[in-house]
Amino acid sequence: MLVLLCLWRFWHLRTAGNWDFMIYYWAAKAQRAGLDPYNLDNLSRVAGQRVVLPYLYPPAILYLLRPFTVLPLGTAVATYVGLKVACLAGLMLIWRACLEVRDTLVLFVLVILGFSDAVFNDLFAGNVATLEAFVLWIAFLSLLRGRTILFAVLVVCASVAKLTPLFFLPLTLLTTDRRRFRIFIATALVGGVSPIISFGGSPSRLWQYLKMLGGVDERGPTNSAILPLLRDIHEHLANRRAMLAAISPTAVYVAICLVVVAITAMAVGRTMRTPDVDRGVLLERVMGMVIVYAFLLPRFKDYSYCLLLPAVVFVGRRIKNALPLLVFVAGLTSRNTLARYALDDFPLADLLWRYFNLAVACILWLGFISHIWARSTTLPSSRTLRVSETSGVLR
């Protein structure tokens, strides 16, 4: 049944829009012709038809996409989809290697159904989310294998399109690599400067680009993130109580981020009482960062949740009997008919329906914190460690 469902999904790819890739394609052609890829008129001129969706990524990514522009559009789309399917197969192998469990069937179910069909939404839309996830998970696997420099370089490469993957660079500081501070500082500087270089060394152009991104206001199932949720709640409540209109959703969002980061740092800090950082501990920290990243980003599209799929297995395996329930909940997404009927009787059903992916991410975060907190209680206290070290010296 799962194989038939998968084949049915891929069958629909033959008529999929791949509208995001088409925008990249026309933008790369416009850039090659010396035109501004952020101007819709230029895209329309190159495409020979009216283009309504803007190009939203830094110029550097267009240089990587230029080879596609030598192909006819239909061939370029087919090649791009084929590349992403190959990356998806690679992701399955990488996830198994990272998790060190043979949950192939579970991962397969999550790929097909997880987080509002995140993987297939990306294949349909033609976004770079699968490619970004592929590079990031190679980076995480490299970190788990002790290749800190390769990890940091791959994270910087993954940030070429969306910038936000630079969030993962502090993971270098949580290793025992003696060069970790130098690696972090060097790659953070490169990652911070590269967007300016991408815009021709002009900070003003970069600032205009960031302002343009700030003006994008997508909400609901296609952008199931905290900030759009707060904006929806604010509009809903402000219409009923004028005094609530003065509360800024952005300020509430920042407060939530600070609380989540503080709680996560406190929980992880409790596990750092021992200096040993084995592979299991490092995987734990990687998964924690991935979950917090997906949970807190102000803009996290439906297809971006493919990054979070192995976290369902990780958390489910660390809490007794939780894996089947977590897989069920991750598959019971906002585009699933069963979920819609199950939520229809609740007063806030529509809101939960629109932000179901975010609700699942929140459940994963709570499960992760619960696991970390429980594990930290089994570790010796710092005082006990000092006494043990002193006793060893006296002997």
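Whatever comes next refers back to the structure up there.
Model, not experiment: these values are computed from the prediction. (Residues numbered from 1 in each chain as written. Predicted model: local features only at pLDDT ≥ 70, side-chain atom pairs only at ≥ 80, totals over all residues. Heavy atoms only, no water.)

1. Re the packing of helix α6 (residues 104-125) against helix α15 (residues 323-331)
Part 1: Contact pair α6 / α15: the axes reach a minimum separation of 8 Å and the direction vectors enclose 30°. Taken as axis vectors, α6 and α15 run roughly parallel relative to one another. Counting all contacts with α6, which are made through V106, V109, L110, L113, G114 and F115, the residues of α15 involved are L323, V327, A330 and G331.
Part 2: Along the lines of polarity and charge, the residues of the contact of α6 with α15 split into eight nonpolar, two polar and no charged. (Axes fitted to C-alpha atoms, helices over the stretch in contact; angles between N-to-C directions. Helix = DSSP H or I, 4+ residues; strand = E, 2+ residues; numbered from the N terminus. Parallel < 35°, antiparallel > 145°, perpendicular 65-115°, else oblique. Contact = heavy atoms within 4.5 Å. Nonpolar A, V, L, I, M, F, W, Y, C, P; charged D, E, K, R; others polar.)

2. Some details on the nonpolar core
Part 1: Residues F115, W137, F140, F168, L308 and L364 are the most contacted members of the largest nonpolar core, which totals 86 residues.
Part 2: Here F168 is in contact with L136, F140, F151, V155, M289, V290, Y293 and L307, once residues within four sequence places are set aside.
Part 3: W26, Y38, L43 and Y209 belong to the second largest nonpolar core, which has 27 residues in total. (Core = buried A, V, L, I, M, F, W, Y, C linked by side-chain atoms within 4.5 Å. Buried < 20%, exposed > 50% of the residue type's maximum accessible area, 1.4 Å probe, protein only.)

3. Details of helix α5 (residues 73-99)
Part 1: For α5, with 27 residues, the first-to-last C-alpha span of 38 Å sits near the 39 Å given by 1.5 Å per residue.
Part 2: Following α5 by one or two positions, E100 adopts a phi angle in the positive range, close to 55°. (Expected span 1.5 Å × (residues − 1).)

4. A word on a nonpolar patch on the surface
Part 1: Taken together, L173, F181, I185 and L189 make up a surface patch of nonpolar side chains, about 390 Å² in accessible area.
Part 2: With respect to the helices and strands, L189 occurs in helix α9 (residues 180-198). (Patch = residues over 30% accessible without salt bridge, like charges linked within 9 Å, V, L, I, M, F, W, Y side chains within 5 Å. Areas by Shrake-Rupley, 256 points an atom, 1.4 Å probe, with all protein chains shown as cover. Salt bridge = Lys/Arg side-chain N within 4 Å of Asp/Glu carboxyl O.)

5. Some words on the environment of T69
Part 1: Secondary-structure assignment places T69 in the loop between α4 (60-65) and α5.
Part 2: Sequence separation of T69 and Y25 is 44 residues, and the distance between their C-alpha atoms is 6.2 Å.
Part 3: Among residues more than four places away in sequence, those in contact with T69 are Y25, A28, K29 and R32.
Part 4: Within polar-contact distance, the side chain of T69 engages the backbone oxygen of R66 at 2.5 Å. (Polar contact = N/O pair within 3.5 Å; in protein donor to acceptor, adjacent residues only side chain to side chain.)

6. Description of the environment of P170
Part 1: For P170, the position within the fold is in the loop between α8 (148-162) and α9.
Part 2: Classification of P170 by relative accessible area gives partly exposed; the value is 31%.
Part 3: Through-space distance from the C-alpha of P170 to that of M289 is 9.4 Å; in sequence the pair is 119 residues apart.
Part 4: When neighbours within four sequence positions are excluded, P170 is seen to be in contact with F184 and M289.

7. Here's the deal with the packing of α5 against α6
Part 1: Where α5 contacts α6, the axes come no closer than 12 Å and their chain directions differ by 140°. The pairing of α5 with α6 is recorded here as oblique in orientation. The two elements α5 and α6 meet at a crossing, and its hand is right-handed. On α6, the residues touching K84, V85, L88, M92, W95 and R96 of α5 are T104, L107, F108, V111, V119, D122 and L123. (Left-handed = near helix turned anticlockwise from the far one by under 90°.)

8. Here's the deal with the pattern of salt bridges
Part 1: All chains considered together, the criterion is met by eight salt bridges.
Part 2: D232 is paired through a salt bridge with R219; the nearest N and O atoms lie 3.0 Å apart. With D232 in helix α11 (residues 226-238) and R219 in the loop between α10 (203-214) and α11, this pair connects stretches of sequence that are 13 residues apart.
Part 3: For R219, the salt bridge is made with E235, and the minimal N-O distance between the two is 3.0 Å. You can see R219 sitting in the loop between α10 and α11 and its partner E235 sitting in helix α11, a full 16 residues away along the chain.
Part 4: In the salt-bridge network here, residues are joined through shared partners; they are E218, R299 and K301.

9. Remarks on the environment of A330
Part 1: With respect to the helices, strands and loops of the structure, A330 is situated in helix α15.
Part 2: Taking the C-alpha atoms as reference points, A330 and A359, separated by 29 residues in sequence, lie 9.6 Å from one another.
Part 3: Not counting the four nearest positions on each side in its chain, A330 is found in contact with L110, L113, G114, F115, V312 and V360.

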